[in-house]
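# Observations on the three-dimensional arrangement
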Amino acid sequence: MSGTFVGMPAFPRAARDAVRDTTLRGNLRHATHTIRDKRAKAVAELADWQQLREAGKRIKDDTLRHLDRYLVQLEESVTAAGGVVHWAADADEANRIVAGLVKATGESEVVKVKSMATQEIGLNEALAVEGIRAYETDLAELIVQLGDDRPSHILVPAIHRNRGEIRDIFLEKMGGWGRPAPDGLTDTPADLAEAARLHLREKFLRAKVGISGANFMVAETGTLVVFESEGNGRMCLTLPETLISVVGIEKVVPTWQDLEVFLQTLPRSSTAERMNPYTSMWTGTADGDGPRTFHLVLLDNGRTAALADDIGRQALRCIRCSACLNVCPVYERAGGHAYGSVYPGPIGAILTPQLRGTTSEIDASLPYASSLCGACYEVCPVAIDIPEVLVHLREKVAGQGGRGHRLEKAAMKAASWAMDRPAVMAAGERAAARTRALHPERPPGARAWTDSRDLPELPEAPFRDWWKKNRT
């Protein structure tokens, strides 16, 4: 599996290919509609949902404003509890730190909890270069890894696969990674889950090193928190002798009281559950209980740059619930791979260009991967105004120039000049009306518009002439 998404075609080209895949569109439509319908019912159970949403927003905003202070407090708390904190400015540094820590144990394999941060930095591939094999233990991540594929959804990485495809992947690839799939494996969910359980159990019992991310870090105690639904995370967090957690610096919250808000909103907004089946929390190390060694790698990798943007920084509120993906009409039709990032959908369209910049073609195209319908903002449990950030980033991309943006800028400048001069504007309107029979239905350079809509028909006379004749 390739860990890099940069170098893929820009979103418009990738999406054009994706929408032709009828199987993909069917898989996505069924999955996203099912998840969002269940989420709506779970959220409706809470009379104070909007108050919780506002509380989550304020907690995150306050934390981001004072992030330097809370990160120092977190480091002190983790260290006091027996852990070791490492700071990584970018992906390369984070990968070097983790590879060095694994090598120091003498081990050549690790088990992993589902982690967006480790996908973001391409950790699995970096470890492979160092001779270390990383095993994904989340069911969907296992499917993606065995299929030499890429995640296409924040919560359900294999959402683009159906049961038949998953069965075929297990039968063909599972044996190359460990225990093979049982003969005669069917595509029923129970059989597929059992095949994965048997395959992974030997890895849980053998691995000496576990790698995780975290949904939250509590600054006052140094506690890390992982939400999951399968129990694989609990196995990775408790059985290995060494635990390494790679976490983005924005995941810190000040206190346990702050965490209580997200314990209510994240499960409902992501899996439509009142409480997720497994909430694992750990604070440093303890004799005879869990890993003997704990390392926390705090990852920047563009987050500080995003924090400096007054409008864009709200993307760092994200708690990775994926609700915005499940309501997005663009994501539903194009799928996650078209975004060229481990963060697909609306949140990826604003987070990725801030973390990676907009110099590449794919990153510059992401702010335009939206209809600006606003559904993403309505469901966001921390009230990220994604449409506002999209427009803000589009302005930045346009400011970089490029042929299309230069032509648009020249056209807007010419229009501004004409509209500032009533006589010129009036003459242009009359000329356009008198020559309307000669106008082509599809003017050169307007194909993106005319392929899906008709140009409005010009009237016989400009409005100002009609008004002068009929209302004077």
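Just above sits the structure.
Structural notes, computed from the coordinates. All values derive from a computational prediction rather than experimental measurement.

What follows is about the sheet that holds strand E7 (residues 242-248). Taking strand neighbours across the sheet as the criterion, the 6 strands line up as E1-E10-E7-E4-E2-E3 in an open arrangement whose pairing is parallel. Across the chains shown, the open sheet's two edge strands, defined by having one partner strand only, are strand E1 (84-88) and strand E3 (133-136). The average undirected angle you get between the axes of adjacent strands in this sheet is 25 degrees. Against the sheet, helix H5 (residues 91-105) contacts E1, strand E2 (109-112), strand E4 (209-212), E7 and strand E10 (293-299), and its axis sits at roughly 145 degrees relative to E1.

Right, let's talk about the side chain of His295 for a bit. Take His295: it is sitting in strand E10. Judged by its relative accessible area of 12%, His295 is buried. A polar atom in the side chain of His295 sits 2.9 Å from the side chain of His86.

On to helix H1 (residues 11-18). The complete set of buried residues in H1 reads Phe11, Ala14, Ala15 and Ala18. Here the buried residues of H1 occupy an arc of 95 degrees about the axis, which is enough to place them on one side. Check the buried side of H1 and you find it contacts helix H2 (22-44), helix H15 (329-334) and helix H17 (361-365).

Before going further, it helps to spend a moment on the environment of Leu455. With respect to the helices and strands, the residue Leu455 is situated in the loop between helix H22 (447-450) and helix H23 (463-471). Exposure remark for Leu455: the relative accessible area of 38% places this residue in the partly exposed category. On a C-alpha basis, the gap between Leu455 and Thr304 in space is 45 Å, while along the polypeptide they are 151 residues apart. Beyond its immediate stretch of four places on either side in the chain, Leu455 contacts Pro440, Glu441, Pro443, Trp449 and Thr450.

Parameters and conventions
- Residues numbered from 1 in each chain as written.
- Predicted model: local features only at pLDDT ≥ 70, side-chain atom pairs only at ≥ 80, totals over all residues.
- Heavy atoms only, no water.
- Pairing = 2+ DSSP bridges.
- Helix = DSSP H or I, 4+ residues; strand = E, 2+ residues; numbered from the N terminus.
- Axes fitted to C-alpha atoms, helices over the stretch in contact; angles between N-to-C directions.
- Contact = heavy atoms within 4.5 Å.
- Buried < 20%, exposed > 50% of the residue type's maximum accessible area, 1.4 Å probe, protein only.
- Polar contact = N/O pair within 3.5 Å; in protein donor to acceptor, adjacent residues only side chain to side chain.
- Arc of directions from axis to C-beta.

All quantities given are derived from atomic positions and should not be read as evidence of function.
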